[in-house]
Amino acid sequence: MIYEEDISLLGLNTLGLNVQARQFCRVESLDQLKAALLYARQNSSNVFIMGGGSNVVLAEDIDALVILVGLKGITYTGSEVTVMAGENWHDFVRDTLAKGFSGLENLSLIPGLVGAAPVQNIGAYGVDLAERLVALTVIDRASGEVRVLSNEECDFSYRSSIFKTELLDQCVITSITLSLDIEFSPRLEYADLIGYAKGSLKMTAQSLSDAIIDIRQRKLPSLDKYGNVGSFFKNPEISIAQLDSLKAQITPLRALPLPNGRYRMPAAILLDTIGLKGLRQGGAGVSTEHALVIVNLGGATGSDVVQLANQVILRVNHRFNIRLEIEPVIVAA
């Protein structure tokens, strides 16, 4: 194991923020991961786990041992698949499709690594990871003990899990096991996909994945052009009274009814209504392509990004009395 000192994480986070890690190492096996965690305990070092860096805002230098998880491997057993945490999520989805399985096609082109997917219960176009997850394996940071958690034990909810609450910074996800479908049954709740289905002569899981990739590439700014972490704000949950009030201000307004009698609505329409596209703070800006995306326009700092996000939250709350929640993890000292 090589432990490097004062390493820039510029190329390891998709926002392109130039922060330093006090110590850094890469692990490519479970034994290496256990050794790195033991090293941190023996040296009284804090630990920060890095994956693809696609859902974090590195707001400050990290005074910790940063462990980059590179565990690889995909194993199919019948219609279940176990995939290691260091695999690229999108590449994994495409692998399942190539092998004739379906169920993950709506989650195509989501950036990041597999290990981060359960933390925020990634979702897109009407499908959440929790619907497919059977179990996952973790290593306890303090003891090095390996544990298996069932779907129920992960306490999944909208863009959240037990890894954001009770088990925050307590363990490292090493692999996940998902249940896939042999027979394709498309999920087409979203308007964009309904339109695609009408124009498709023969839909397959592969063609639906291709369509979602095309939609995402047209709607979202390219990482090759501007650093970003995708959607920066969660879609808010609102009451029927709030929905009625918004209908008087926004036409048309889409909202998804929830089992608890409330509604989930697109956050982007709130930002669009008050014209926040292009809003800037230092080197950070609200994308002119998609209002939910904050981009690095060049030389942005973590402080720029956080201040801009707070401006958006305040303006939306002032106009609509709805407080948006930030989706990515803000990492600060």
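The structure under discussion appears in the preceding block.
Attention in this report is confined to the structure presented alongside it. Quantities reported herein were computed from a predicted structural model and do not represent experimental measurements.

**Focus on the nonpolar core**
- Grouped together as the largest cluster of nonpolar side chains are 37 residues, with contacts concentrated most on Trp-89, Leu-136, Phe-163, Ile-176 and Leu-178.
- Taken together, the elements giving at least two residues each to this core come down to strand S7 (80-84), helix H2 (89-98), strand S10 (133-140), strand S12 (171-179) and helix H4 (205-219).
- In contact with Leu-136, not counting residues within four places along its chain, are Pro-118, Arg-147, Val-148, Leu-149, Cys-154, Phe-163, Ile-173, Ser-175 and Ile-176.

**Notes on the packing of aromatic side chains**
- Counted under the stated rule, the structure contains 5 aromatic pairs.
- Ring geometry for Trp-89 and Phe-92: centres 5.5 Å apart, planes at 65 degrees, overall edge-to-face. Placement of the pair is Trp-89 and Phe-92 together in helix H2, with a separation of 3 residues, close to one helical turn. Exposure class is identical for Trp-89 and Phe-92. Each is buried.
- Here the basic side chain of Arg-264 rests over the ring of Tyr-158, its NZ or CZ set 3.7 Å away from the ring centre.

**Structural notes on helix H1 (residues 30-42)**
- Spanning 13 residues, H1 covers 18 Å between terminal C-alpha atoms, matching the ideal 18 Å at 1.5 Å per step.
- Among all positions of H1, only Leu-33, Ala-36, Leu-37 and Ala-40 are buried. Along H1, the residues classed as buried sweep out an arc of 95 degrees about the axis, all on the same side. Relative to its buried face, H1 has exposed residues pointing more than 90 degrees away, namely Asp-31 and Gln-42.
- Along its buried surface, H1 packs onto strand S2 (20-27), strand S3 (47-50), strand S5 (62-69), S10 and S12.

How each quantity is defined
Residues numbered from 1 in each chain as written. Predicted model: local features only at pLDDT ≥ 70, side-chain atom pairs only at ≥ 80, totals over all residues. Heavy atoms only, no water. Core = buried A, V, L, I, M, F, W, Y, C linked by side-chain atoms within 4.5 Å. Buried < 20%, exposed > 50% of the residue type's maximum accessible area, 1.4 Å probe, protein only. Helix = DSSP H or I, 4+ residues; strand = E, 2+ residues; numbered from the N terminus. Contact = heavy atoms within 4.5 Å. Phe/Tyr/Trp six-rings, centres within 6.5 Å; stacked < 30°, edge-to-face > 60°. Lys NZ or Arg CZ within 6 Å of the ring centre and 35° of its normal. Expected span 1.5 Å × (residues − 1). Arc of directions from axis to C-beta.

Don't take any of this as a statement about function, it's just geometry.
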